[in-house]
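Commentary on secondary and tertiary structure
Listed here are the chains, written in short residue letters.
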Amino acid sequence: ASRLTIVFHQYHCITSKVVVLPQGFVLGGAFGVFTAGIDTNVGFDPKDPLRTPTAREVLKDMGQRGMSYAKNFAIVGAMFSCTECIIESHRGVSDWKNAVYSGCVTGGAIGFRAGLKAGVLGCGGFAAFSAAIEYYLR
C-alpha cells in the first residue's frame, strides 16, 4: 500500500504541473487582454500622441500584453505547483501549510530579483494570499 501511495503521489505531482501550465497560460492571457482593453494608452505612440491608433495597432498591443501575462501566469503557477509538491513530499503531509510554505518560496523567489526587502514582502504577501485561498477552499 505504501508503494502505491508513492507512485500515486509522483503521478499527482506530474499531472498537477501538466494541468497548471495551460490553465495559468489561459487565465493570464485572458487577464492580459482584459487589462489591455481597459487601458487608455493601448496602441498610442508616445512620439505622436495626437494620432489616433488603428484597430490593428490596438489589437497588436492587446495580443502582446495577453501573451506576456499568459507566460507570467504559467510560470508562476508552475513554480507554485512544483514547490508545493516538493514541500508536500518532504513533509509527508497534505495540509494547508504546504500551500503557505510554497507561497512564501514562490513569492520570495519572484520578489528577490528586486532585492532582499522585496523578497521578504513577496514571501509574506504570497504566503498570506495562499493561506486565504486555502482557508476559502477547505
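Definitions and cut-offs
Residues numbered from 1 in each chain as written. Predicted model: local features only at pLDDT ≥ 70, side-chain atom pairs only at ≥ 80, totals over all residues. Heavy atoms only, no water. Disulfide = S-S within 2.5 Å. Helix = DSSP H or I, 4+ residues; strand = E, 2+ residues; numbered from the N terminus. Buried < 20%, exposed > 50% of the residue type's maximum accessible area, 1.4 Å probe, protein only. Domains from an automatic or database assignment. Contact = heavy atoms within 4.5 Å. Buried area = accessible area lost by both parts, 1.4 Å probe. Salt bridge = Lys/Arg side-chain N within 4 Å of Asp/Glu carboxyl O. Nonpolar A, V, L, I, M, F, W, Y, C, P; charged D, E, K, R; others polar. Axes fitted to C-alpha atoms, helices over the stretch in contact; angles between N-to-C directions. Parallel < 35°, antiparallel > 145°, perpendicular 65-115°, else oblique. Left-handed = near helix turned anticlockwise from the far one by under 90°. Phe/Tyr/Trp six-rings, centres within 6.5 Å; stacked < 30°, edge-to-face > 60°. Expected span 1.5 Å × (residues − 1).

**Brief notes about the state of the cysteines**
- In total, this model carries 1 disulfide according to the counting rule given.
- Disulfide partner of cysteine 104: cysteine 123, at an S-S distance of 1.7 Å. Taking the torsion about the S-S bond as the criterion, the cysteine 104 to cysteine 123 disulfide, at about -70°, is left-handed. Of the two residues, cysteine 104 sits in helix 3 (residues 96–111) while cysteine 123 sits in helix 4 (residues 116–137), which places them 19 residues apart along the sequence.
- Residue classification places cysteine 104 among the partly exposed residues on the basis of a relative accessible area of 26%.
- Cysteine cysteine 82 shares no disulfide, and the gap to the nearest cysteine sulfur, in cysteine 85, comes to 7.5 Å.
- For cysteine 82, a relative accessible area of 26% puts it in the partly exposed group.

**Let's talk about the domain arrangement of the protein**
- Taken as a whole, the protein is organised into domain 1 (1–94) and domain 2 (95–137).
- For domain 1 and domain 2, the distance between their C-alpha centres works out to 17 Å.
- Counting residues at the interface gives 10 residues for domain 1, matched by 13 residues for domain 2.
- Taken together, the two surfaces of domain 1 and domain 2 that pack against each other cover about 980 Å², and 65% of this comes from carbon and sulfur.
- Among the residues of domain 1 in contact with domain 2, Phe80, Ile87 and Arg91 are the three that bury the most area, contributing 46% of the side total.
- The tally of links between domain 1 and domain 2 comes to 1 salt bridge.
- The closest approach of N and O atoms between aspartate 95 and arginine 91, which form a salt bridge, is 2.8 Å.
- Of the residues assigned to the side of domain 1 that touches domain 2, the class counts are 5 nonpolar, 2 polar and 3 charged.

**A word on the packing of helix 2 (residues 55–91) against helix 3**
- Running from N to C, helix 2 and helix 3 point in directions that differ by 135°, and their axes come no closer than 8 Å. The orientation of helix 2 relative to helix 3 falls into the category oblique. Regarding helix 2 and helix 3, the two cross each other, and that crossing is right-handed. Every residue of helix 3 that contacts helix 2 at Val76, Met79, Phe80, Thr83, Glu84, Ile87, Glu88 and Arg91 is listed here: Lys97, Asn98, Ala99, Tyr101, Ser102, Gly103, Val105, Thr106, Ala109 and Ile110.

**Here's the deal with the packing of aromatic side chains**
- The tally for this structure, following the rule as stated, stands at 3 aromatic pairs.
- Judged by centre distance (5.8 Å) and plane angle (40°), the rings of phenylalanine 31 and tyrosine 69 are tilted. Linking phenylalanine 31 in helix 1 (residues 2–38) with tyrosine 69 in helix 2, this pair joins segments that are 38 residues apart in sequence.
- Judged by relative accessible area, phenylalanine 31 falls into the partly exposed class, the value being 40%.
- Where phenylalanine 31 meets phenylalanine 73, the ring centres are 5.8 Å apart and the plane angle is 45°; that geometry is what we call tilted. Placement of the pair is phenylalanine 31 in helix 1 and phenylalanine 73 in helix 2, with a sequence separation of 42 residues.
- Among the aromatic side chains, those forming a connected cluster through ring pairs are Phe31, Tyr69 and Phe73.

**Details of helix 2**
- With 37 residues, helix 2 should cover 54 Å at 1.5 Å per step; its first-to-last C-alpha distance of 53 Å lies within 8% of that length.
- Of the residues flanking the end of helix 2, it is glycine 92, one or two places downstream, whose phi is positive at about 75°.

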